[in-house]
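One-letter residues, chain by chain:
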Amino acid sequence: MVFLPTEWRFRSPRILAHYEAMDDFRYVLNDPDRLDFRVNRAAMVDALVLEREMRRIFDVCWIYVGHASEVREPGDFVTRTICGRPVILCRDSEARLRVFLNVCRHRGAVVCRERSGNAKGYQCFYHGWSYDRDGCLDGVPGASSYPASFDRREFGLASPPRVADYRGFVFLSFDPDARPLGDYLAGAKEYLDLVVDQSPTGEMEIIRGTQEYAIRANWKLLVENSFDDYHLMSTHKTWLDYMKKSGVQIPRPPKGHVMPAHGVGRALGNGHAVIDNENFRGRPVAKWIPLYGEDAKPEIERIRSELEARLGPERAGRVADTNRNLVVFPNLVVNDGSSVTIRTFHPTAPDRMEVTAWALGPRGESAKARAIRLDSFLTFYGPGGFATPDDVEALESVQKGLASHREVPWSVMTRGIDKEGEQLNTDELHLREFWIHWDRCMRAEAP
Amino acid sequence: MTAALTRQAVEDFLYHEAALLDGWKLDEWLGLLTGDCVYRVPSNDAPEGDPKSTLYLIADDHARISGRVARLKDPHAHVEFPHSRTRRMISNVRIVDRKGDELKAEANFAVYRFRREERVSTFVGRYRYTLRVVEGVVKIASREAILDAEELGSLGAVSFIL
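Residues numbered from 1 in each chain as written. Chains lettered and ligands numbered in written order. Predicted model: local features only at pLDDT ≥ 70, side-chain atom pairs only at ≥ 80, totals over all residues.

Considerations on the overall build of chain B
Looking only at helices and strands, chain B has three helices and six strands in total. Start at the N end of chain B and walk to the C end: the helices and strands fall as α-α-β-β-α-β-β-β-β. On C-alpha atoms alone, chain B measures out to a radius of gyration of 15 Å, which is about the 15 Å that the 2.2 N^0.38 rule sets for 162 residues. A principal-axis box enclosing the C-alpha atoms of chain B has dimensions of 50 × 30 × 30 Å. Out of the 162 residues in chain B, the part that is buried amounts to 34%. Taking contacts inside chain B between residues at least 6 apart in sequence as the whole, the part at least 24 apart equals 54%. (Helix = DSSP H or I, 4+ residues; strand = E, 2+ residues; numbered from the N terminus. Rg over C-alpha atoms; globule rule 2.2 N^0.38 Å. Buried ≥ 20, exposed ≤ 12 C-beta atoms within 10 Å, placed from the backbone. Contact = placed C-beta atoms within 7 Å.)

See below:
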């Protein structure tokens, strides 16, 4: 997605100078010797920063497309917009996972305009070119008018240069030279494994119902917010009050802590990071809280025993005793706690992003467990939850404040920076990991 | 049992409810609900579903509705502090079913939300109500607000009672 036409830069000496000056400008000030770490707020405001992010981050990294469970049978498809490009995530004639760029090879119209379904193929309504489930061009009205050199094998639906999945999480990369997905995910794999290991069938699935909403704030503010536990007690006071009133024990934070329970922040490599917190707020897999209701207790206990029998007590504890918010660089968030939330977001302007959130659950879980999971999701998460709308308000409030970025240029991000060893969830090691990698990408030679 | 509830009576009731909500008289509004009331807003892409198996935006039982009201009255509900101004237009009211002491009614709505220095947000859709006569008084046993927008998009959140 290009936010300023390329030619603008060359028409306006001022903008050209500004663009070139970006190479020398430090958006991330990382000075471990002085125990200082700051982010320049222009990174959230400047349209040229976003343009460079599209080139050097979104066009290079592995980007989440969707989940394998969203399409199961040959011909199943869902359509969405990834990094500004319309794409089709689908199963081909042999039920293999495919991603096509949703664009006709003839003149460029979108070939699939439905949200989801099952298709025998994809037909462009403009001039009627049609493609089969495997993306091969199989119908060209008036084909005899094309010259003999016209070879329809050349004009199948295009795919992004790289598509791969990790345990059902499907990613694409627009960089043909991208390293293998597994290498890219680095330490994030362990946390995706913890998600998938919750399922007795070994498979997780996206649950019907999608939350799609826009936030008038820079996309990186949502990255920060998604695993920033420092804000929880002040931003989400009303949610905590509701939890307390429902009978959930919210202990006073131990000395030196902001949160009611111990939690750590971890860098996972390549800009990915996580907070991993002792659970106090309940988990459908598998920690009962009074909010779930007395009648849910046996079901949660049954899920816990299944988990222990299948994984052994130690691994079961690893899966079920902490809540984890994972950021996969740059724009995938997996919140594995009160429910499992998959959230991805794409910038449409420096001060606007479009967010899509889904609930993920074990395939084949009981109706009772599914109901608990969805109810638990809604208490905190989503546009009607008791917490997410206040997060959105915080982000939009930040974006308003950032209009003064020239006068007040730096955001400070040094919590925990002077500590050896373990970093708390309310420290900022994990935020720094994101920003250090962001800076590395932005300063790399453009591909 | 609900024979006295003409369409006009249902309209009067819905207008009264709308006035309470637009006036942020949330405790009085709670008084209109039965103890087993549910309040639901489905996800835009799944307007027909069951919150036990489909992800909704809001699927409250009475306990969570009460919690929602307590939250909205608290200045720490940052997204609604200061309270947004809302104005509801309700029309096309129809009684679609009667059974015993309950009736089902549907209506169209346009709810305008105003905040300082922000463009107006317009929530358009339809309501589905179950109204129940309890000891001669009309109460809301369920209310569902189904949005017409294909995605929530720039509406952002459903942070007030829709």
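Picking up after the structure, the text goes on.
Thoughts on the confidence of the model for chain B
Averaged over every residue, the pLDDT of chain B is 97; the share at 70 or more is 99%. Reported for the predicted complex are a pTM of 0.95 and an ipTM of 0.96. (pLDDT = per-residue confidence, 0-100.)

Let's talk about the environment of Glu-114 of chain A
Note that Glu-114 of chain A resides in the loop between β6 (97-101) and β7 (116-118). Separated by 191 residues in sequence, Glu-114 of chain A and Ser-305 of chain A place their C-alpha atoms 42 Å apart.

Some details on the sheet that holds strand β21 (residues 410-412) of chain A
Residues and elements named next belong to chain A. Read from one edge to the other, the open sheet built from three strands follows the order β1-β2-β21, with strand pairing classed as antiparallel. Of all strands in the sheet, those with a lone pairing partner are β1 (28-31) and β21, marking the two edges. Here the average twist between neighbouring strands, direction ignored, is 25°. Of the strand pairs in this sheet, strand β2 (residues 36-40) and β21 are connected by three bridges, and their pairing is antiparallel. (Pairing = 2+ DSSP bridges. Axes fitted to C-alpha atoms, helices over the stretch in contact; angles between N-to-C directions.)

Some thoughts on the nonpolar core
Residue and element names in this part refer to chain A. In this structure, Ile-63, Val-65, Leu-89, Leu-222 and Val-327 are the most contacted members of the largest nonpolar core, which totals 146 residues. The dominant element in this core, judged by the number of residues it contributes, is helix α11 (residues 367-380), at seven residues. Counting only domains with at least three residues in this core, you end up with domain 1 (64-173) and domain 2 (187-443). When neighbours within four sequence positions are excluded, Val-65 is seen to be in contact with Ile-82, Val-87, Leu-89, Val-99, Val-170, Phe-171 and Leu-172. (Core = buried A, V, L, I, M, F, W, Y, C linked by C-beta atoms within 7 Å. Domains from an automatic or database assignment.)

What about the sheet that holds strand β9 (residues 130-132) of chain A?
All names here are of chain A. Spatially, three strands are ordered β8-β9-β10 in an open sheet, and the strand pairing comes out antiparallel. Each edge of the sheet is formed by a strand with only one pairing partner; in this case those strands are β8 (121-123) and β10 (137-139). Across the sheet, the mean angle from the axis of one strand to that of its neighbour is 35°, orientation sign disregarded. In terms of strand pairing, β8 meets β9 through three bridges, oriented antiparallel. Within β9, the position partnered with Tyr-122 by the bridge is Tyr-131.

Concerning the pairing of strand β5 (residues 121-134) of chain B
Residues and elements named next belong to chain B. Pairing geometry for strand β4 (residues 102-114) and β5, over twelve bridges, is antiparallel. Bridge pairing links Ala-110 to Val-124 in β5. Of the pairings in the sheet, the one linking β5 to strand β6 (residues 137-147) comprises ten bridges and is antiparallel in character. Bridging across to β6, Tyr-129 finds its partner in Arg-143.

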